[in-house]
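So you can see what is in the structure, the chains are spelled out below.
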Amino acid sequence: MWIPELVERIASFLPQNEIPLTLRLVDKTTAELLSKHRLVKALEPLPAHALCRLHPAELQQLQNRSASELRQLVCAAAATGSLEAVDAALEATQLSPGAWLVSAAAGAEGLRPGVALALCKRLCARGCPVEQDPDHVYIPCSTLRHAAKAGNADVCEWLLARGRCRWLAEAVYNAAAAGHVGLVRVLLARCPGERKHMLDVGRLLVSAAGGYPLPALEELYNHWLGTRRAQLQGQGQQGQGQAAPHEPAAPVDFGPAFDEEAPDGFHCFVSSSDFESVLAAAAGSPTACWLGKLDALLQWHCGEAGPGLLARSPSVLDHVFVAAMSKPDGLSRVRLMWEQRGWR
């Protein structure tokens, strides 16, 4: 039975190019129903059958594109997790596979568990390298970073196993910014001793302020800055509050830099400017709890004086407002901070 609503519902879950190149070809009625989906986006994933059916003139037109555009086409095929689609894209573009293709497969998002890993393994079995030049210290491996951003923990574990990929702090930041809390723990646990000095805890907190939900952010903050928080509470949460009337406002400082050698070998250094970046990241967070994170961070880091410190720091507020305005609901975010918190 042909039900228009059901067909449209199915179409809403399909990749952009599957509708004009696959679903509209089912029959005339379906083609008419989905008539607004006629355009094919060249740099979106193309179905393997569509690539295989390209005419010589179409192939010539495709190969006239820049190498970068052709790579984007193949990478889009890799993002589907389908080796058939990758092979069809490579055949159509006449490109040779390389580490860039494994990186694209590792960063495939939204696939069923194990699909991205299976594609990476099959590409490597064909001779594709994981890194462009493993011996060149100045060329970072994008494969691990892309896998971490996509939250593909199994791919990250596989890449780090047997030294396939070097451990990178950037992978931890990417995972944190995307909100992959468990993966951040895994990556930190897998860090070799000789690379622990590469982790910038300030940058990790900035990434987490953007991507983590509030409870996970508090856990991370306490892990790295718990000693500082305890010291603040022991001091009775003294700090800078409102400036006295007719007294010029002193330069705002969100507290002295925290510098501590952790028992696990990581070095934790977080400066006042780092914390300012953390606040901006929270204000621009895609999570619904962005304002709660701002309130909590000020409380954890500065005690009761926190909101007043932010109100007295126009330069930091500028960064916070700019970060908030980068979101679709940016205007309402700034209005909330302006009206409910008095941050102006």
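Described in the following lines is the structure provided in the data block. (Residues numbered from 1 in each chain as written. Predicted model: local features only at pLDDT ≥ 70, side-chain atom pairs only at ≥ 80, totals over all residues. Heavy atoms only, no water.)

For the rest of this paragraph, the subject is the overall build of the protein chain. Broken down by element type, the protein chain carries 20 helices and two strands. Within the protein chain, the proportion of its 344 residues that are buried is 44%. Counting only contacts in the protein chain whose residues sit at least 6 apart along the sequence, the fraction spanning at least 24 positions is 67%. Looking at the protein chain as shown, the accessible area adds up to about 17,800 Å², and 54% of this sits on carbon and sulfur atoms. (Helix = DSSP H or I, 4+ residues; strand = E, 2+ residues; numbered from the N terminus. Buried < 20%, exposed > 50% of the residue type's maximum accessible area, 1.4 Å probe, protein only. Contact = heavy atoms within 4.5 Å. Areas by Shrake-Rupley, 256 points an atom, 1.4 Å probe, with all protein chains shown as cover.)

A few words now on the nonpolar core. Across soluble globular proteins, nonpolar side chains show a tendency to be buried alongside one another. Among the nonpolar cores identified, the biggest contains 89 residues, and Leu 187, Trp 224, Leu 279, Leu 294, Leu 297 and Met 337 are the most heavily contacted of them. With eight residues, helix H17 (residues 290–302) is the single largest residue contributor to this core. Once residues lying within four places of it in the same chain are set aside, the contact partners of Met 337 are Trp 290, Leu 291, Leu 294, Val 320, Phe 321, Ala 324, Gly 342 and Trp 343. (Core = buried A, V, L, I, M, F, W, Y, C linked by side-chain atoms within 4.5 Å.)

The subject of this paragraph is a nonpolar patch on the surface. The grouping of Ile 3, Leu 6 and Ile 10 at the surface amounts to a nonpolar patch, some 240 Å² of accessible area in total. Of note, Ile 3 is situated in the segment before helix H1 (4–12). On the basis of relative accessible area, Ile 3 is assigned to the partly exposed category, the value being 34%. (Patch = residues over 30% accessible without salt bridge, like charges linked within 9 Å, V, L, I, M, F, W, Y side chains within 5 Å. Salt bridge = Lys/Arg side-chain N within 4 Å of Asp/Glu carboxyl O.)

On to H17, then. End to end, H17 covers 18 Å across 13 residues, agreeing with the expected 18 Å (1.5 Å per residue, within 8%). Taken across its 13 residues, H17 has ten buried, putting it largely inside the fold. Next to the buried residues of H17 lie helix H14 (201–211), helix H15 (214–234), helix H16 (272–283), helix H18 (306–311), helix H19 (314–325) and helix H20 (330–339). Note on H17: the residue one or two positions beyond its end, Gly 303, has a positive phi of about 70°. (Expected span 1.5 Å × (residues − 1).)

We now examine the packing of aromatic side chains. Throughout the structure, instances matching the rule amount to three aromatic pairs. Note on Tyr 221 and Trp 300: the rings are 5.3 Å apart at their centroids and 45° apart in plane angle, and the pair reads as tilted. Of the two residues, Tyr 221 is situated in helix H15 and Trp 300 in helix H17; the sequence distance between them amounts to 79 residues. Here Tyr 221 matches Trp 300 in class, with each residue buried. Geometrically, the ring pair formed by Phe 254 and Phe 275 is tilted, given 5.6 Å between the ring centres and 55° between the ring planes. Separated by 21 residues along the polypeptide, Phe 254 in the loop between H15 and strand S1 (258–261) and Phe 275 in helix H16 bring together distant segments of the chain. Accessibility assignment for this pair places Phe 254 and Phe 275 in one class, buried. Over the ring of Phe 266 we find Lys 196; its NZ or CZ atom is 5.0 Å from the centre of that ring. (Phe/Tyr/Trp six-rings, centres within 6.5 Å; stacked < 30°, edge-to-face > 60°. Lys NZ or Arg CZ within 6 Å of the ring centre and 35° of its normal.)

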